[in-house]
Amino acid sequence: MPSANKYFDTPAEAPEHPKIRAWSGWKTNAQRVELELLRPREGLGFRTPRMFVTFYAADGTVYRQDESEWELELDSWLLKQQVKARDEANETLRFALRLKAAFRPIAIRYGDGYFNSVLVHQLRGGPFGGVEPLAEVLGAIHEYEAAGGSKFDCEQLIDFEIKVAAHALLSLYANDRAVAERILIAALAQYLDERFHVTERRQLGFG
């Protein structure tokens, strides 16, 4: 019989993020939890986004506060706990960051240029293509339509990630579709604006 070995004899379980361990305990004693995101501009770009999490007691006073660089794992835990951002601008940034993280593997798989083309033409032809502020951003982007047998597969992956975001918003806002759509459209617009440097080009006089 082989000797005991921790690598083979126990199941592989990812260790819990230390922030999540702390937040789980604080949430037990809190009446409400709120997320705020800050991402100051730096030149033509942005600094690393930071998340500020506030735990409120039953009387409305602040029970605990904590902050961290934005991480998908931390934000996903907050989302699972139905923690909203403090306002729609924060929620828009939150979901723009989540879309960026979700789309990254797709862009790696198909290449940036191919992914860009499929994404832009898919959004133009989608249900939000003519809705502001997404329509304005799409109007400032010039991409040739992608061709080839990989287009359908790429579209399917993009659709899936947008649907994940849409349903997360519906759950977060108690099936208020108007709010969910407004935030999703704004998040897609913000993601595209940054990916294609729309605002930066305008600031430099190229828009």
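Refer to the structure presented above.
Residues numbered from 1 in each chain as written. Predicted model: local features only at pLDDT ≥ 70, side-chain atom pairs only at ≥ 80, totals over all residues. Heavy atoms only, no water.

Draft legend 1. Structural detail: the overall build of the protein chain. The number of helices and strands found in the protein chain is 9 helices and 5 strands. Helices and strands appear in the protein chain in the N-to-C order α-α-β-β-β-β-β-α-α-α-α-α-α-α. Counting only C-alpha atoms and orienting by the principal axes, one finds that the protein chain spans roughly 60 × 55 × 35 Å. Burial status across the protein chain gives 39% buried among its 207 residues. In the protein chain, the proportion of contacts linking residues at least 24 apart, taken out of those at least 6 apart, comes to 64%. Once the 26 positive and 30 negative side-chain charges of the protein chain are each reduced to a mean point, those two points are 1 Å apart. (Helix = DSSP H or I, 4+ residues; strand = E, 2+ residues; numbered from the N terminus. Buried < 20%, exposed > 50% of the residue type's maximum accessible area, 1.4 Å probe, protein only. Contact = heavy atoms within 4.5 Å. Lys, Arg positive; Asp, Glu negative; His and termini not counted. Charge placed at Lys NZ, Arg CZ, Asp CG, Glu CD.)

Draft legend 2. Quick peek at the nonpolar core. Formed by 40 residues in total, the largest nonpolar core has its most connected members in Phe103, Phe115, Ile158 and Leu192. Counting only elements with at least two residues in this core, the list comes to α4 (88–110), α5 (112–124), α6 (134–139), α7 (151–172) and α8 (177–195). Here the element with the most residues in this core is α8; it accounts for 10 residues. Listed in part, the 17 residues of the second largest apolar core include Ile20, Ala30, Phe55 and Trp70. (Core = buried A, V, L, I, M, F, W, Y, C linked by side-chain atoms within 4.5 Å.)

Draft legend 3. Up close: the sheet that holds strand β4 (residues 50–56). Strand order in the open sheet formed by 3 strands is β1-β4-β5, with antiparallel pairing between adjacent strands. Across the chains shown, the open sheet's two edge strands, defined by having one partner strand only, are β1 (32–38) and β5 (62–69). Ignoring strand direction, the axes of neighbouring strands in this sheet form an average angle of 15°. Pairing geometry for β1 and β4, over 7 bridges, is antiparallel. In the strand pairing of β4, leucine 35 is matched with valine 53. Packed on one face of the sheet, helix α2 (residues 18–28) meets β1, β4 and β5 and runs near 160° to β5. The sheet strands contacting helix α3 (residues 72–80) are β1, β4 and β5, and the helix crosses β4 at an angle near 30°. (Pairing = 2+ DSSP bridges. Axes fitted to C-alpha atoms, helices over the stretch in contact; angles between N-to-C directions.)

Draft legend 4. Representation of α8 in the model. Under the 1.5 Å per step criterion, the end-to-end length of α8 is 26 Å for 19 residues, consistent within 8% with the ideal 27 Å. For α8, the complete set of buried residues consists of Val179, Ala180, Ile183, Leu184, Ile185, Ala186, Ala187, Leu188, Ala189, Tyr191, Leu192 and Asp193. Count one or two residues on from α8 and you reach histidine 197, which has phi positive near 55°. (Expected span 1.5 Å × (residues − 1).)

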